[in-house]
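The lines below spell out each chain.
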Amino acid sequence: MTITIYHNPDCGTSRNTLAMIRQSGEEPVVIEYLKTPPDRARLVALIEAMGIGARGLLREKGTPYAELGLGDAKWTDEKLVDFMLAHPILINRPIVETPKGTRLCRPSEKVLEILPNPHIGSFVKEDGEVVVTANGSGA
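What you see is a predicted model; the values in this text were computed from it and never measured. Within each chain, residue numbers correspond to sequence positions counted from 1 in written order. Residue-level local features of this predicted model are given only where pLDDT is at least 70; pairs of side-chain atoms are given and counted only at 80 or more, and the full residue set underlies all totals for whole chains, interfaces and linings. Only heavy atoms go into the side-chain values, all of them from the structure, while hydrogens and water stay out.

1. Some details on the pattern of salt bridges
The salt bridge criterion pairs a side-chain nitrogen of Lys or Arg with a carboxyl oxygen of Asp or Glu, the two atoms within 4 Å. For the structure on display, the rule yields nine salt bridges. A salt bridge links lysine 35 to glutamate 32; its shortest N-O distance comes to 3.3 Å. In the salt-bridge network here, residues are joined through shared partners; they are Arg103, Lys110 and Glu113.

2. Quick word on the sheet that holds strand S3 (residues 95-98)
At least two bridges found by DSSP between two strands are what make those strands a pair. The way it works is that DSSP assigns letters per residue, a run of H or I at least four long becomes a helix, a run of E at least two long becomes a strand, and they are numbered from the N terminus. Here we have four strands laid out as an open sheet, ordered S2-S1-S3-S4, and mixed in their pairing. Two strands close off the open sheet at either side, each with one partner strand: strand S2 (29-32) and strand S4 (101-104). Looking at each pair of strands side by side, their axes are set apart by 15° on average, direction ignored. Pairing between strand S1 (residues 4-7) and S2: four bridges, direction parallel. Across the sheet, residue isoleucine 5 finds its bridge partner in S2, namely valine 30. In the packing of helix H1 (residues 12-23) onto the sheet, the strands contacted are S1, S2 and S3, and the crossing angle to S1 comes to about 160°. By definition in these notes, contact holds between two residues if any of their heavy atoms fall within 4.5 Å. Note on geometry: axes are lines fitted to C-alpha atoms, helical ones only across the stretch in contact, with angles between N-to-C directions running from 0 to 180 degrees. The strands touched by helix H2 (residues 40-50) within the sheet are S1, S3 and S4, with S4 carrying the most contacts at an inclination of about 95°.

3. Observations regarding the side chain of threonine 4
Its place among the elements puts threonine 4 in strand S1. Exposure remark for threonine 4: the relative accessible area of 10% places this residue in the buried category. Those residues within four positions of threonine 4 in sequence are excluded, and the remaining contacts are Val29, Ile31, Ile95, Val96 and Glu97. Relative accessibility under 20% of the residue-type maximum defines a buried residue, over 50% an exposed one, and the middle range a partly exposed one, all with a 1.4 Å probe and only protein chains included.

4. Notes on the packing of aromatic side chains
The rule is short: rings of Phe, Tyr and Trp, with Trp giving its six-membered ring, pair when the centres are within 6.5 Å, and they are stacked under 30 degrees, edge-to-face over 60, tilted in between. Counted according to the given criterion, the structure contains one aromatic pair. Between tryptophan 75 and phenylalanine 83, the ring centres sit 5.0 Å apart and the planes meet at 85°, which makes this aromatic pair edge-to-face. For phenylalanine 83, a relative accessible area of 12% gives the class buried. Throughout this description, the term charge over a ring refers to an Arg CZ or Lys NZ atom that lies within 6 Å of the ring centre and within 35 degrees of the ring normal. Its end group placed over the ring of phenylalanine 83, lysine 79 keeps NZ or CZ at 5.0 Å from the ring centre.

Following this line, the structure appears as structure tokens:
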């Protein structure tokens, strides 16, 4: 079984998501998408698999989103994908693919919806937030 995470090691949400995957007993394929961005076909396939549309994958904070005027409704999904390919920092993260589905894992606990073993026990995020109790129920 293969799990893939499109990861940014500088992002706390991405690090928490990766840690949850590992705590579930899986070692994912880790793609640092800023170093190795997906090509157009892969990016479009991820967007389709998540069912969120290109706009739903755009990241605003710490990106050229505002200076490029990407909040304007005139931009088609195809053009938004062009912007993400030209500026991979615009791709929100982390994206996780498992045999159970593909998700933009914001917040990081969304990964539990698609992990083969979502019962990871206690998990504490980097900021101290408890995500899952010892018996596996929500915090």
